[in-house]
Each structure stands twice: as C-alpha cells, then as structure tokens.
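# Analysis of the macromolecular model
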Amino acid sequence: MRNSKSDTWLVNECNIIEPTFIALRHEQINTQTEYKSHAHVFGQLLYVVCGIMEMEVEGKHYLAPPEFCIWIPANTQHASFSKQSVKFRIIDFSQKYNDKFAQRACVVKLSAIFHSIMTDMFLRGVSLPETEQDTRLAEVLIDQFAVLPCQDTYLPTTKDRFLAPILQELQKEPADNTTLAEWAKRYYTSERTLSRRCQQELGMSFSEWRQRLRYLHAVAALEKGKSVYEVALDVGYSSASAFIAMFQQISGVTPDRFRLKEFIVQGNLE
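Quick look at the structure, then. (Residues numbered from 1 in each chain as written. Predicted model: local features only at pLDDT ≥ 70, side-chain atom pairs only at ≥ 80, totals over all residues. Heavy atoms only, no water.)

This brings us to the pairing of strand S6 (residues 53–57). Only one face of S6 is buried, namely the one carrying Met 53, Met 55 and Val 57, since none of Glu 54 and Glu 56 on the opposite face is buried. Here S6 folds back onto strand S7 (residues 60–64), and the loop between the two strands holds 2 residues, one of which, Glu 58, carries a positive phi near 50°. Strand direction decides the pairing type here: S6 and strand S9 (residues 78–82), joined by 3 bridges, are antiparallel. Bridge pairing in S9 places Val 57 opposite His 78. (Buried < 20%, exposed > 50% of the residue type's maximum accessible area, 1.4 Å probe, protein only. Helix = DSSP H or I, 4+ residues; strand = E, 2+ residues; numbered from the N terminus. Pairing = 2+ DSSP bridges.)

Here is the structure:
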C-alpha cells in the first residue's frame, strides 16, 4: 500500500505462515519502503545480499551490510524503513527451535558451512526441505546457527565524551585518515585512553570501526555505479589495490565480483 503523503510503500508482514521446520525465501525491499512494526511467533534470519539493511527492533537500531545477517527472535517487535533497494534472503525457523537460538536480536556473520549450505539451497530453489538429503542439510543449518556468535550491531555508537565527536566526524568524512594519536591530541587525551575506550564502548579497535564504516560507504557507492578507483578515494584509500584487499577481507569477494553478484541475484528474483 502506498502512503500518498510521503510517497512511501507500507508493507505489512504479519500474515507470514510459520513453517513446521524451516522455510527459505528471497525478498527485495524497493526504495522508500516501510515495513510496519510486527512480530512473529517464530524466529527469522535475514541475510543481506545487496544493499544495507536497517531495522528497528524493540526500539533499538540495527544495521547489516552484505554478507551479514540480522537475527529476529520469536515474539520480537521489529520494523524497517529503506531509502534504497535491499536484496536479502530470509530463513524462517519453526517456533519449536525458539529455545535453541539467541533470545535477543543481533547481527550475525555466518560460518562458511552455513553460508555454503544456504547458498546451495537458494540456488536450487529449495523453499521447504522435502527430500531426505535437504532435511539433513537443514538440520546442519540449525546446529550451525545455534553456535554462531552474536554482535549487538555492525557499527556501534557511543555517547562517550571523547569518542562520540570523533565517530561523528568520521561518519561525515569516511576518507579522513587522521590517526588515533592525532585524534587524542585534538581532544587533549592520550592514544592509550582512546584505544581503551574503543574496546570498552564499541567492543572493537578504532581501526576496525573505521574499516566497517568505510565498507558501508563503499557498498553504497558501488551500487550507485561508481568505479572501484573512485570508491577507493572516497573512503580514504590511496590505491585501488588496498581498497580491494579491505573489501575482500570483509565481504569475501572483490568489489567487481560483488557487483556481478548483484546482477545474478536480480536475475534470480525476476
């Protein structure tokens, strides 16, 4: 349903039928699409293929780039608004597995085994495991997902008086290569103090946080059709090769293969 006032598509997903085991499906969110707040009696795993997914879950903001997932536990209110198109896969798990999985929403990086099985099933068009072989594969997915680590968010934020203004500056200008030592001088503190606060407040190092920020900006720029070299400069790299190495480390594919995958997924959705 289109909201004429804001030119936004409103989507209600409350009528999704619970699977008796697991169910797999492709989805695409078009630009300016809003999913109204809703909950299911079963858990959902949303794997981002292309684009950046943003959701509000129980009042908390979650964000996931390609190759990451957002886990929505059973009976958890969630909603989303997408300014840009997002392609993703959903795995619905029967509520009989509710106690087996994480009880809080989180961002998940899939294991190689989970990723391979999931990709195989989607490529073969398996929506409900029916054969003996697919049932066994689905059981491996369940066992794998039960032990995967959860992250509160892909790109954490903080209200720390030293870190908050630094992170805000970087979000405005991701190409900024100011070192942590230089930031410390600007804010009259020590590099060691900032490094410690990064681990305490963000759960990661300063360099990893900045790399994740740059990856998010890179994904958005690549999907707009910018060249690899242009994107590398936009996010603070002096050479395309250094940027490609960073991108492949996070996503598992080169920027060019990432763009190629977007076209392949689009073909599977049509």
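The next thing to look at is the layout of surface pockets. One number sums up the size of the largest pocket: a volume of about 1,000 Å³. What lines the largest pocket is a set of 38 residues, and nearest its centre among them are Ile 52, Glu 54, Leu 63, Leu 216 and Ala 220. Going through the elements one at a time, S7, S9, strand S10 (86–93), strand S12 (150–151) and helix H6 (206–223) are the ones with two or more residues in the lining of the largest pocket. Considering every element that reaches the lining of the largest pocket, the biggest residue donor is H6, with 7 residues. Here the residues of the lining of the largest pocket sort into 16 nonpolar, 11 polar and 11 charged. (1 Å grid on protein atoms, 1.4 Å probe; cavity = no way out; pocket = protein on both sides within 12 Å on 5 of 7 lines; lining within 4 Å. Points joined across faces, edges and corners; volume = space filled by probe spheres on them. Nonpolar A, V, L, I, M, F, W, Y, C, P; charged D, E, K, R; others polar.)

Another aspect to go through is the sheet that holds strand S11 (residues 106–109). With antiparallel pairing, 6 strands are arranged side by side in an open sheet as S3-S10-S5-S8-S11-S12. Looking at strand neighbours, the two that pair on one side only are strand S3 (22–29) and S12, the edges of this open sheet. As paired strands, strand S5 (residues 43–50) and S10 are joined by 7 bridges and run antiparallel to one another. Following the sheet pairing, Gln 44 is matched in S10 by Asp 92.

Here the focus is unusual backbone geometry. The residue Glu 58 is not glycine, and still its phi comes out positive at about 50°. With respect to the helices and strands, Glu 58 occurs in the loop between S6 and S7. By relative accessible area, which is 53% here, Glu 58 ends up exposed. A positive phi angle, near 60°, is found at Asn 75, a position not held by glycine. Checked against the element boundaries, Asn 75 lands in the loop between strand S8 (68–72) and S9.

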